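Secondary and tertiary structure notes
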Amino acid sequence: MGCMATEESYVLAIGTKKGLWLATSQDRQAWSMSGPHFLMSEVPSIGIDTRNGRARIMVGVRSEHWGPTVAHSDDLGATWTEPEQGAIKFPEGTDAAVERIWQIYPDAESRPGVVWAGAEPISVWKSTDGGEHFELNRGLWDHPHRSEWGAGYGGAAAHSIVVNPSGDNVHVAMSTGGVYRSLDGGTSWEPRNKGISAYFMPDPNPEFGQCVHKIAADSAVEGRLYAQNHHGVYRTDDNGENWESIAEGLPADFGFVMLTHPRRAGTAWVIPLKADGERIPPDGKLAVHRTDDAGKTWKRLDSGLPQGEYNAVLRDAASVDSAEPAGVYFGTRGGSVYASPDEGEHFTEVASHLPDVLCVRAAVVSAALVPGAPVPA
Amino acid sequence: MADISVVLPGVLQPLAGGQSILTTPADGAVTVGFLLDSLAGDYPVLARRLRDETGALRRYVNIYVNGDEVRRLQGLETEVAAGQEVVIIQSVAGG
C-alpha cells in the first residue's frame, strides 16, 4: 500500500530580509520550497487567511528603493495581486506615509473578510474585503498620546493586534508605547500596562511607554493574554487591567516571541534571549520554552535545535498552526527555519542559510489547494 | 509639439507594460511633478514605487533632467522642456 492520502496539507511562509519563501508539506516533516518571491524586498509581515475555503497569503513587502506595499496570493504564490492604488496608505491630511507593514492579522472565523494590520509609523488598519483595502483606525491615530510614543530599535510600529471572539475587545501592542485596549471594536483606546515594567524610563512603571515585544491571547480563557516585554514575561487574566510576571523558571526574561496554543488553555511558547548586552540564546544554546499552566512552570524544548546558535529570533519569526497536535515554527536571523509537528517536543530544520528571517506564518490548508499533494480517494 | 521621454530602469519596466521609455506630448515646459502625476493615471503601481502617499519622492529614487538629479535643482518643481529626456535611476546602495 502506498502513502496514505491526507485531506490536509501545511503551508509555511517565510519572510526574510530579501524575499519570501513558501513551503508546503503533507506531514510537517518533509517540505517542498518555492522562492524567493519578491527578491530584494524584505517581507516583515505575513497573514495566511484560511477562511472562505481558500488559502490567501497576504504579505507586507518593502523595498529600500521602491517603498512598502501589500500583495496577496490565492494560489500559494503562483501569482500575486497588488491593488493598483495600494492596500494601505495614509489618507490625505495625515501628512504621513507608510514605512513598513509589521502585522497582518486575519480576524475570527465569524468575521470573514475582516483583516487587521499594524504599521510603521504606529498605526492600526482594518480591512473588510479580505485584505485588499485597509482603512486607518482614526481612534488610535488621533490618540493624544501618539506624539509621546517612541520608536524601538526596529522602528515605531504597531506590531501586535489581538481581537477577542466578540470583536469588541481589541488589544494592540506597540514599540514603544506599550499595550492599548479598545472595548468598542477599535473606536477608542486606553493604555493597559499596569504591572509591565519600563526599566529604561525615569518612572519604571509608567502609564504607557513600555517596550512590549509581542502579545498573544489565550485561545481558551477569555480575558487572558501573555506578553513578552523588553525584559519581562507577563500574563493578564483581566483583559489587561493588571499584568503579573510569569518569567520565573525561564533562563532569560528577554526575547521577542510570544505564541499561544490554538485551543488549549494555559499553553504558550517563548524563545528566550539573553539581553541587553548579548541578545543571543543563553550561552548560545537555542531552545523554545513552553508553559502548560499559564506561566507557573516552563519546560525547555531543544530537541533538534543547535546548541551553538548565536542568532536572535524576531517577534514575528515564529508561528503555530491549528493542527492537533499543534505545529510550532520559527526562524532565526541567521536564516535557519525549524518546524515541530508536536508542540515543540521535536524540531527539524526546514531551511538554512536564508537571509535574516523576519516573519514566519504557518497554516493548515486543504490538500486540494496544494499542487502535487495527495488527494483523498 | 515635442515629446518628453521618461526612461525607466529595467526593474520598473514590468509596471509600465514592459516599456522602457514612456513619452508625454508637451508643447512647453512642465514640471517633474506633473510628469509623475501623468504617470500615476496610466500606471498607478509604478507611480507608488516612485513617490509615497504624501507625494514625496522616495529616498533612493533619483530622477535626472538633462543629466542633473532633481534634488540638486528644484525637486519635483524642476521644469522639463519639450523634447528633453527624464531618466529614473535607483541608487546603488544596500547589502
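Residues numbered from 1 in each chain as written. Chains lettered and ligands numbered in written order. Predicted model: local features only at pLDDT ≥ 70, side-chain atom pairs only at ≥ 80, totals over all residues. Heavy atoms only, no water.

**Examining the packing of aromatic side chains**
Residues and elements named next belong to chain A. This is how it is decided: Only rings of Phe, Tyr and Trp enter the pairing, Trp through its six-membered ring, and a pair is recorded when the two centres are within 6.5 Å. The plane angle decides the type: under 30 degrees is stacked, over 60 is edge-to-face, the rest tilted. Helical segments are the DSSP runs of H or I of at least four residues, strand segments are the runs of E of at least two, and each set is numbered from the N terminus. Think of it in three bands: residues with accessible area under 20% of the maximum for their type are buried, residues over 50% are exposed, and the middle band is partly exposed, with areas taken using a 1.4 Å probe on protein chains only.
The tally for this structure, following the rule as stated, stands at 10 aromatic pairs over all chains. Both rings, one in tryptophan 31 and one in tyrosine 329, keep their centres 6.0 Å apart while their planes meet at 85°; by these two values the pair is edge-to-face. In this pair, tryptophan 31 is assigned in the loop between β2 (19-25) and β3 (32-37) and tyrosine 329 in strand β26 (residues 328-331), connecting sequence segments 298 residues apart. The pair formed by tryptophan 31 and tyrosine 329 is uniform in burial state, with each residue classed as buried. Summarising the aromatic geometry, the rings of phenylalanine 330 and tyrosine 338 are spaced 5.3 Å apart at their centres and angled 35° between planes, so their arrangement reads as tilted. You can call phenylalanine 330 buried: its relative accessible area is 0%. Each member of the aromatic cluster is reached from another via a ring pair, and the members are Phe90, Trp125 and Trp141.

**What about the interface of chain B and chain A?**
Spelled out, the test is: The contact rule is simple, with two residues in contact once any of their heavy atoms fall within 4.5 Å. The quantity reported as buried area is the accessible area (1.4 Å probe) lost by two parts once they are put together, taken as the sum for both. By definition here, a salt bridge exists when the distance from a side-chain nitrogen of Lys or Arg to a carboxyl oxygen of Asp or Glu is within 4 Å. Only Asp, Glu, Lys and Arg are considered charged in this grouping, and only Ala, Val, Leu, Ile, Met, Phe, Trp, Tyr, Cys and Pro are considered nonpolar; every other residue, Gly among them, is considered polar.
On the chain A side, the residues contacting the 18 residues of chain B number 18 residues. Summed over the three residues of chain B that lose the most area to chain A, namely Arg48, Arg49 and Glu53 of chain B, the buried surface amounts to 38% of that side. Connecting chain B to chain A are 2 salt bridges. Notably, a salt bridge pairs glutamate 82 of chain A with arginine 48 of chain B, separated by 2.7 Å at the nearest N-O pair. In terms of residue count, the dominant contributor to the side of chain B that touches chain A is helix α2 (residues 44-50) of chain B (5 residues). Across the side of chain B that touches chain A, the residue classes tally to 9 nonpolar, 4 polar and 5 charged.

**Observations concerning the environment of asparagine 205 of chain A**
Residues and elements named next belong to chain A. For asparagine 205, the location among the structural elements is in the loop between β14 (190-191) and β15 (212-217). Separated by 10 residues in the primary sequence, asparagine 205 and glycine 195 have C-alpha atoms spaced 7.1 Å apart. Look past the residues within four positions of asparagine 205 in its chain and what remains in contact with it is Ile196 and Ser197.

**So, the environment of leucine 76 of chain B**
All names here are of chain B. Following the sequence through the fold, leucine 76 ends up in the loop between β5 (68-69) and β6 (79-80). Once the C-alpha coordinates of leucine 76 and tyrosine 64 are considered, the two residues, 12 residues apart in sequence, prove to be 11 Å apart. Ignoring anything within four residues of it in the chain, the contact list for leucine 76 reads Thr31, Val32, Gly33, Leu36, Arg51, Gly55 and Leu57.

**Some thoughts on the sheet that holds strand β7 (residues 85-90) of chain B**
Sheets are built from strands that pair by backbone hydrogen bonding, the pairs being arranged parallel or antiparallel. Residues and elements named next belong to chain B. The test is simple: Pairing between strands requires that DSSP locate at least two bridges from one strand to the other. Fitted lines through C-alpha atoms give the axes, limited to the stretch in contact for helices. The angle between two N-to-C directions lies from 0 to 180 degrees.
Taken together, the 5 strands give an open sheet; going across it, the order is β2-β1-β7-β4-β5, and neighbouring strands pair in mixed fashion. Every interior strand has two partners, whereas the edge strands, β2 (21-26) and β5, have only one. Looking at chain direction, strand β4 (residues 61-65) and β7 are connected through 5 bridges and run antiparallel. Within β7, the position partnered with valine 61 by the bridge is glutamine 90. Against the sheet, helix α1 (residues 32-42) engages β1 (2-7), β2, β4 and β7, with an angle of about 120° to β4.

**Quick word on the sheet that holds strand β25 (residues 318-320) of chain A**
Residues and elements named next belong to chain A. As summarised here, the arrangement of the 4 strands in space is β25-β26-β27-β28, forming an open sheet in which the pairing is antiparallel. Whereas interior strands pair on both sides, the edge strands pair on one side only; in this sheet they are β25 and β28 (348-351). In this sheet, neighbouring strand axes are inclined to one another by 20° on average, regardless of whether the strands run parallel or antiparallel. Direction of pairing for β26 relative to strand β27 (residues 337-340): antiparallel, over a ladder of 4 bridges. Of the residues in β27, the one forming a bridge with glycine 331 is valine 337.

**Things to note about the confidence of the model for chain A**
Regions with low pLDDT carry predicted coordinates that are not meant to be interpreted in detail. Worth spelling out the cut-off: pLDDT gives the predictor's per-residue confidence on a scale running from 0 to 100.
With 97% of its residues at a pLDDT of 70 or more, chain A has an overall mean of 95. Counting interchain partners and residues more than four positions distant, the pLDDT-below-50 stretch residues 1-5 of chain A has 3 contacts.

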